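Observations on chain architecture
Given next are the chains, with one letter for each unit.
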Amino acid sequence: MNFNDYVFYVLAAILLFAGLRVITSRNPVHAALHLVLAFFTAAGIWLLLEAEFLAIALVLVYVGAVMVLFLFVVMMLDINLDKLREGFWEALPIALPVGILMTLEMVMILGSKHFGVDRVAAPTPHPAGYSNTAELGRQLYTDYLLPFELASVVLLVAIVAAIALTLRDRKDSKFIDPAEQVKVKRADRIRMVSMPADVEIPAAAETEGKDKA
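Because the structure is a prediction, the values reported are computed rather than measured. (Residues numbered from 1 in each chain as written. Predicted model: local features only at pLDDT ≥ 70, side-chain atom pairs only at ≥ 80, totals over all residues. Heavy atoms only, no water.)

**Some details on a nonpolar patch on the surface**
- A grouping of Trp 89, Leu 92, Leu 96, Ile 100, Leu 104, Met 106, Met 108, Ile 109 and Leu 110 is seen on the molecular surface, where their side chains present a nonpolar patch of about 980 Å² in accessible area.
- Relative to the helices and strands, Leu 92 is located in helix H5 (residues 92-114).
- Classification of Leu 92 by relative accessible area gives partly exposed; the value is 35%. (Patch = residues over 30% accessible without salt bridge, like charges linked within 9 Å, V, L, I, M, F, W, Y side chains within 5 Å. Areas by Shrake-Rupley, 256 points an atom, 1.4 Å probe, with all protein chains shown as cover. Salt bridge = Lys/Arg side-chain N within 4 Å of Asp/Glu carboxyl O. Helix = DSSP H or I, 4+ residues; strand = E, 2+ residues; numbered from the N terminus. Buried < 20%, exposed > 50% of the residue type's maximum accessible area, 1.4 Å probe, protein only.)

Quick look at the structure:
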């Protein structure tokens, strides 16, 4: 093994440790910080694969923006951890078989194809002027266009579902029926009201008028 192999195994071990701590930490702030460590380690692995654009995007977007938002929300909400853990063990009889089944499926599908030692090959050197950003865009919008569009639709549905779940039990939430909103006419939005003019006479002018009289 060369130096890159040792670096990969070290980063992979740190990534596995950070991922486990994300789901096992009792403190949500600690879990978010371990997720930051996982993002940094994944960025290092992508650098080893010569995917500099993905590594930089992971650090700038997720660590620099998304995780800061996560930490801000977690620290501002003051989550009650005891209430959050209520009913956790009741879902274990269903969650444990599902998790084991998903793990077995991933091992069966990915194990022999991607984890075989004889299939591992060193990255081929790229020619001068090669841009992994351009290659990523070409692959994303040609060979993987359909999965990319499906992922965008799934994210849109998740956003709409999150908003609906957040507002459904709030009494002060405002609801607008789009069908009724389309039926609104201009005369229903603006009403002209005629009001008599109220002119205020200055006190000095009123006193002068009384003196002349």
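This is not the end of the story, as more comes after the structure.
**Quick look at the nonpolar core**
- With 10 residues, the main nonpolar core is built from Ala 32, Val 36, Phe 39, Ala 42, Ala 43, Ala 55, Leu 58, Val 63, Met 67 and Leu 71.
- Listed by contribution, the elements that provide at least two residues to this core are helix H2 (28-48) and helix H3 (52-77).
- Residues within four places of Leu 71 in sequence aside, it is in contact with Val 29, Ala 32 and Leu 33. (Core = buried A, V, L, I, M, F, W, Y, C linked by side-chain atoms within 4.5 Å. Contact = heavy atoms within 4.5 Å.)

**Some thoughts on the UniProt feature "transmembrane region" (unreviewed entry) in the chain**
- UniProt records the feature "transmembrane region" (unreviewed entry) for residues 6-24, 31-49, 55-77, 89-110 and 144-167 in the present numbering.
- Between the first and last C-alpha atoms of residues 6-24 the distance is 27 Å; the span itself is 100% helix and 0% strand.
- Taken end to end, residues 31-49 is 95% helix and 0% strand, and its two terminal C-alpha atoms sit 27 Å from one another. (UniProt positions renumbered as here; feature names shortened; annotations may be inferred.)

**Some points on the packing of H3 against helix H6 (residues 132-141)**
- Where H3 contacts H6, the axes come no closer than 8 Å and their chain directions differ by 85°. Here H6 runs roughly perpendicular to H3, going by the angle between their axes. Together, Glu 52, Phe 53 and Leu 54 of H3 and Asn 132, Thr 133 and Leu 136 of H6 make up the contact between the two elements.
- In terms of residue class, the contact of H3 with H6 is built from 3 nonpolar, 2 polar and 1 charged. (Axes fitted to C-alpha atoms, helices over the stretch in contact; angles between N-to-C directions. Parallel < 35°, antiparallel > 145°, perpendicular 65-115°, else oblique. Nonpolar A, V, L, I, M, F, W, Y, C, P; charged D, E, K, R; others polar.)

**Description of the packing of aromatic side chains**
- Scanning the model with the defined rule gives 3 aromatic pairs in all.
- With 5.5 Å between their ring centres and 65° between their planes, Phe 8 and Tyr 9 make a pair best called edge-to-face.
- Overall, Phe 8 belongs to the partly exposed group, its relative accessible area being 37%.
- Arranged with centres 5.3 Å apart and planes meeting at 70°, the rings of Tyr 141 and Phe 148 form a pair that is edge-to-face.
- On the accessibility criterion, Tyr 141 (49% relative accessible area) is partly exposed. (Phe/Tyr/Trp six-rings, centres within 6.5 Å; stacked < 30°, edge-to-face > 60°.)

**A short note on the environment of Val 63**
- For Val 63, the position within the fold is in helix H3.
- Ignoring anything within four residues of it in the chain, the contact list for Val 63 reads Val 36, Phe 39, Phe 40, Leu 58 and Val 68.

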